[in-house]
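# Fold and contact review
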Amino acid sequence: MTTADVLVAGAGVVGASIAFHLAGRGVRVVVCDEGGGRGATAWSAGQVRLAHSDPADARLAALSLPVFERWAEAVGGDCGFRATGFALLVDEDRREAAVTTVKELDALGAEAVLLTPEEYARRRPGLRTDGVAAVLFEPRSGYADPGATTRSLLERAAALGAEVRTGARIDRLIVRGGAVRGGRVGDEVVSAAEVVLAANTGGPALLEGTGVEVPLTTARIGWAAVQAADLPQVDVTIDDTIGTYFRPWRERGVLYRVPMGDRTGGPAGPELLDHARSLVAQRVPVLAGHHATTSGAALETHTPDGKPVFGRAGVPGLYLALGPSGGGFKSAPAVGRAVAAELDGAGPAGELEPYRLARFTGAPRRAVRHYRHM
Ligand SMILES: Cc1cc2nc3c(=O)[nH]c(=O)nc-3n(C[C@H](O)[C@H](O)[C@H](O)COP(=O)(O)OP(=O)(O)OC[C@H]3O[C@@H](n4cnc5c(N)ncnc54)[C@H](O)[C@@H]3O)c2cc1C
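Residue numbers here run from 1 along each chain, matching the order of that chain's written sequence. In keeping with the predicted nature of the model, local features appear solely for residues at pLDDT of at least 70, side-chain atom pairs appear and are counted solely at 80 or more, and the whole-chain, interface and lining totals rest on all residues.

In helix packing, the relevant descriptors are the interaxial angle and the interaxial distance, both defined with respect to the helix axes. Between helix α1 (residues 13-24) and helix α10 (residues 332-343), the least distance of the axes is 8 Å, while the angle of their chain directions is 50°. Put simply, α1 runs oblique to α10. Every pair of crossing elements has a handedness; the one defined by α1 and α10 is right-handed. The segment α1 lies against α10, with Val13, Val14, Ser17, Ile18, Phe20, His21 and Leu22 engaging Ala332, Pro333, Val335, Gly336, Arg337, Val339, Ala340 and Leu343. In terms of residue class, the contact of α1 with α10 is made up of 11 nonpolar, 3 polar and 1 charged. Here the axes come from fitting lines to C-alpha atoms, over the contacting stretch only for helices, and the angles between their N-to-C directions go from 0 to 180 degrees. By definition, any uninterrupted DSSP run of H or I lasting at least four residues is a helix, any uninterrupted run of E lasting at least two residues is a strand, and each is numbered from the N terminus. Roughly parallel means an angle under 35 degrees; roughly antiparallel means over 145; roughly perpendicular covers 65 to 115; every other angle is labelled oblique. With the far helix as reference, a near helix turned anticlockwise by less than a right angle produces a left-handed crossing, and one turned clockwise produces a right-handed crossing. What counts as a contact here is a pair of residues whose C-beta atoms, placed from the backbone, lie within 7 Å. The nonpolar class holds Ala, Val, Leu, Ile, Met, Phe, Trp, Tyr, Cys and Pro. Asp, Glu, Lys and Arg form the charged class, and all remaining residues, Gly among them, are polar.

As structure tokens, this is what we get:
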């Protein structure tokens with residue numbers, strides 16, 4: 001039997017960040033991941049941007065960006081962060097929303113400005129701007145390498161004393177006397193005062209027998225990418241006017257969103273890939289002449305309001321870090337720090353308050369939704 005203060009179930013970017021921060025606080029932590037590369041982090045597009053419909057999400061992202069920027073000092077190693085700039089393209093109906101978001105980001109001390117379509121076209125020649133009324137631009141945002149980010153978090157966690165187990169599936173949680181007391185990994189019991197569920201799609205199965213219900217659905221999200229000498233330079237971009245995103249991909253390449261609907265089945269076939277390319281080619285016309293050379297997709301759990309659940313589950317010994325809802329990469333540094341502080345007795349972290357499970361009981365919380373697709 002292994003004994004720890006905290007057992008973290010799942011070593012995607014969220015579990016890895018929590019384990020890193022717990023280890024940094026001197027907490028005895030074991031983090032287990034079943035491995036196999038099926039987690040969302042392994043296939044994430046890794047975009048790091050601040051603008052969100054909900055200022056609470058923007059706050060977590062804004063707390064995380066400086067960590068990506070100073071990764072070597074803040075964590076150690078290299079997360080592959082590239083500050084390409086982030087552009088949010090909006091139409092006339094959403095111009096006011098973009099003005100509001102710039103003010104909200106300003107209040108968070110984050111840099112963002114509103115560009116005219118002409119200014120944006122001068123910055124990024126080769127892109128069309130039809131139907132774009134304004135561009136919210138963040139000069140310090142960009143993208144990072146999700147694999148490198150997670151590896152360096154786990155390596156530093158191990159260096160700080162965490163026990164990192166890969167290929168270690170937690171078959172079930174151990175519930176005794178109405179409290180969660182650890183997990184069973186094959187023949188072994190890992191006994192822990194607290195278990196953090198950061199298992200994303202593996203979360204619902206682990207909740208069985210705990211009496212805790214989290215409203216989670218599963219959907220597949222994906223991207224495709226192409227490399228070609230004639231592709232223009234792009235920012236990390238969300239095009240809210242047509243419902244796509246794209247970002248730079250390696251040398252002279254572009255990675256773009258593949259909308260998969262509610263599919264939970266396999267990866268995107270040629271039809272979906274062609275549809276995705278036709279959307280992004282409305283902005284990057286050269287793409288119309290290139291088929292995707294690679295693509296990726298993964299399952300992700302979503303909550304009814306599209307936000308994760310962070311906090312104690314109402315059952316002693318169980319802490320939830322579930323339902324990343326398609327955007328958990330960019331905020332993982334701040335989430336890991338705040339969750340570790342709460343588990344270590346520092347009291348409730350203000351930045352996690354909007355994400356408690358209790359929001360799903362009683363009157364439904366009104367979703368903050370200024371944009372069409374973001
Ligand atoms: C295609 C795609 C593009 C995305 N693009 C972006 C983006 O640009 N920006 C952004 O911010 N976010 C993006 N996201 C979302 C973001 O990547 C995820 O929200 C984030 O990676 C989720 O991290 P996680 O650690 O919660 O989950 P995961 O990475 O899924 O990790 C969960 C881990 O738990 C493990 N596990 C499950 N069950 C068990 C068990 N029983 N025992 C042990 N281990 C278990 C799994 O092996 C897995 O490694 C994207 C996601 C996808 C799929």
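Let us keep going from here.
The pairing criterion for strands is at least two bridges between them, as found by DSSP. Ordered by their spatial adjacency, 8 strands build an open sheet running β5-β6-β4-β13-β14-β15-β12-β16, and the pairing between neighbours is mixed. Edge positions in the sheet fall to β5 (113-115) and β16 (294-302), since each of these pairs with one other strand and no more. Direction aside, neighbouring strands of the sheet carry axes that sit 20° apart on average. Bridging between strand β13 (residues 236-239) and strand β14 (residues 244-249) involves 3 bridges; their strand directions are antiparallel. Of the residues in β14, the one forming a bridge with Thr237 is Phe246. The strands touched by helix α9 (residues 270-281) within the sheet are β12 (217-227), β14, β15 (253-258) and β16, with β15 carrying the most contacts at an inclination of about 115°.

So, about the nonpolar core. Ranked by internal contacts, the top residues of the largest apolar core, which has 112 residues, are Ala9, Ala19, Val29, Leu197 and Ala321. The biggest single contributor to this core is α1, with 8 residues. When residues of this core are sorted by domain, at least three fall in each of domain 1 (2-44 + 146-216 + 303-360) and domain 2 (86-139 + 218-299). In this description, a nonpolar core means buried residues of the types Ala, Val, Leu, Ile, Met, Phe, Trp, Tyr and Cys, linked to one another by C-beta atoms lying within 7 Å. Counting other C-beta atoms within 10 Å of a residue's own tells you its class, since 20 or more makes it buried, 12 or fewer makes it exposed, and anything in between is partly exposed; those C-beta atoms are placed from the backbone. An automatic or database domain assignment supplies the residue ranges for each domain.

Every regular strand shows the same layout, with side chains that alternate between the two sheet faces. Burial of β14 is extensive: 6 of the 6 residues sit out of reach of the surface. A loop of 4 residues connects β13 with β14, the two strands running antiparallel in sequence, and Gly243 in this loop sits at a positive phi of about 80°. By the bridge criterion, 4 bridges tie β14 to β15 in an arrangement that is antiparallel. Residue Phe246 lies in a different strand from β15, and its bridge partner there is Tyr256. The loop that links β14 with its antiparallel partner β15 comprises 3 residues; one of these, Arg250, has a positive phi angle of about 45°.

Its identity is not glycine, yet Arg250 carries a phi of approximately 45°, on the positive side. Summarising the element assignment, Arg250 is placed in the loop between β14 and β15. In the Ramachandran plot, Ser325 falls in the positive-phi region, its phi being about 60° despite a non-glycine side chain. Ser325 sits in the buried class, given 21 other C-beta atoms within 10 Å.

This part is about the site of the ligand. In this text, near has one meaning. A residue is near a molecule or strand if its C-beta atom, placed using the backbone, is within 6 Å of it. In the vicinity of the ligand there are 39 residues, among which Gly10, Gly12, Gly39, Gly202 and Gly328 approach most closely. At the level of secondary structure, the elements contributing two or more residues to the shell around the ligand comprise α1, β2 (29-33), α2 (40-43), β12 and β16. Considering every element that reaches the shell around the ligand, the biggest residue donor is β16, with 4 residues. Taken together, the residues of the shell around the ligand break down into 18 nonpolar, 15 polar and 6 charged. A domain split of the shell around the ligand shows at least three residues from each of domain 1 (2-44 + 146-216 + 303-360) and domain 2 (86-139 + 218-299).

All right, on to the domain arrangement of the chain then. Here the domain parsing of the chain yields domain 1 (2-44 + 146-216 + 303-360) and domain 2 (86-139 + 218-299). Between the C-alpha centres of domain 1 and domain 2 the distance comes to 31 Å. Contacts between the two partners involve 7 residues from domain 1 and, on the opposite side, 6 residues from domain 2.

This part is about the packing of α1 against helix α7 (residues 146-159). Their axes nearest at 8 Å, the elements α1 and α7 cross at an angle of 30°. As far as their axial angle goes, α7 and α1 are roughly parallel. In terms of crossing hand, the pair formed by α1 and α7 is left-handed. On α7, the residues that touch Val13, Ala16, Ser17, Ala19, Phe20 and Ala23 of α1 are Pro146, Thr149, Thr150, Leu153, Leu154, Arg156 and Ala157. Here the residues of the contact of α1 with α7 are counted per class, giving 9 nonpolar, 3 polar and 1 charged.

This next bit is on α10. Between the first and last residue of a helix there are one fewer steps than residues, each counted as 1.5 Å, and that sum is the expected span. For α10, with 12 residues, the first-to-last C-alpha span of 16 Å sits near the 16 Å given by 1.5 Å per residue. Burial analysis of α10 places 10 of its 12 residues in the buried class, the great majority of the element. Restricting attention to buried positions, one finds in α10 the residues Ala332, Pro333, Ala334, Val335, Gly336, Arg337, Ala338, Val339, Ala340 and Leu343. Residues of α10 that are buried sit in contact with β1 (2-9), α1, α3 (55-69), β11 (188-197), β17 (309-312) and β18 (318-322). One or two positions beyond α10, positive phi appears at Gly345, with a value near 90°.

The next point concerns α7. Taking 1.5 Å per residue, 14 residues should reach 20 Å; α7 reaches 20 Å between its end C-alpha atoms and fits that length. Among all positions of α7, only Pro146, Thr149, Thr150, Ser152, Leu153, Leu154, Arg156 and Ala157 are buried. The secondary structure elements touched by the buried residues of α7 are α1, β2, α2 and β8 (163-166). Two residues or fewer past α7, Gly161 is found with a positive phi of approximately 115°.

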